[in-house]
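Listed here are the chains, written in short residue letters.
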Amino acid sequence: MNEDKDMADARTILAGYRASIDNIDAALIHMLAERFRCTKAVGVLKAEHGLPPADSAREQQQIARLRQLAKDAHLDPDFAEKFLNFVVREVIRHHEQIAAANGVTKTG
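Treat the numbers as computed from the prediction; the structure is a model and nothing was measured.

A.B. asks: Would you explain unusual backbone geometry in this entry?
C.D. replies: Glycine aside, residues mostly have negative phi angles, and peptide bonds mostly take the trans form. With a phi angle near 60°, His74 is a residue other than glycine that sits in the positive phi range. With respect to the element layout, His74 can be found in the loop between α2 (56-72) and α3 (77-101). Judged by relative accessible area, which is 76%, His74 ranks as exposed.

A.B. asks: Help me understand the packing of aromatic side chains in this model?
C.D. replies: Here a ring pair, both rings aromatic, is described through the centre-centre distance and the interplanar angle of the planes. This model, assessed by the stated rule, comprises one aromatic pair. Ring geometry for Phe79 and Phe83: centres 6.5 Å apart, planes at 20°, overall stacked. Here the residue Phe79 and the residue Phe83 both occupy positions in helix α3, the gap between them amounting to four residues, near one helical turn. Residue class for Phe79 comes out partly exposed when judged on its relative accessible area of 46%. By relative accessible area, which is 43% here, Phe83 ends up partly exposed.

A.B. asks: Can you walk me through the nonpolar core in this structure?
C.D. replies: A general trend in soluble globular proteins is that nonpolar side chains are found buried together. Residues Ala54, Ile63, Leu84, Val88 and Ile92 constitute the largest nonpolar core, which totals five residues. Of the residues forming this core, the biggest block, three residues, is contributed by α3.

A.B. asks: What exactly am I supposed to notice about the environment of Ala80 here?
C.D. replies: Note that Ala80 resides in helix α3. Classification of Ala80 as buried rests on a relative accessible area of 12%. Expressed as a C-alpha distance, the spacing of Ala80 and Ile63, which sit 17 residues apart in the sequence, is 8.4 Å. Beyond its immediate chain neighbours, meaning those up to four positions away, Ala80 contacts Leu66, Ala70 and Leu75.

Each value, and the rule that gives it
- Residues numbered from 1 in each chain as written.
- Predicted model: local features only at pLDDT ≥ 70, side-chain atom pairs only at ≥ 80, totals over all residues.
- Heavy atoms only, no water.
- Helix = DSSP H or I, 4+ residues; strand = E, 2+ residues; numbered from the N terminus.
- Buried < 20%, exposed > 50% of the residue type's maximum accessible area, 1.4 Å probe, protein only.
- Phe/Tyr/Trp six-rings, centres within 6.5 Å; stacked < 30°, edge-to-face > 60°.
- Core = buried A, V, L, I, M, F, W, Y, C linked by side-chain atoms within 4.5 Å.
- Contact = heavy atoms within 4.5 Å.

Structural measurements only, silent on function.
Below, the structure is given as structure tokens:
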């Protein structure tokens, strides 16, 4: 009987963790959507002024900044950098598409 109660308690705790994870995932999706709305505006601005889609100096600053934030948050900095690199590659791809749609050739 005690094992049944322990299993039921474990399932209740697990359901609570999973609900929290689901909420965090939803927040992450909304935050990424907002981030991409901002980076789209940056892409339009860059295209309008003939600026290159990528900015390696900015990217390096961001990597250093986010690695430190990850350390401070007890998150693996390598994971944080990989995640940022994935997001930045997608942002640059969007900026290249915006630039091409505005007749700007890829310059960097």
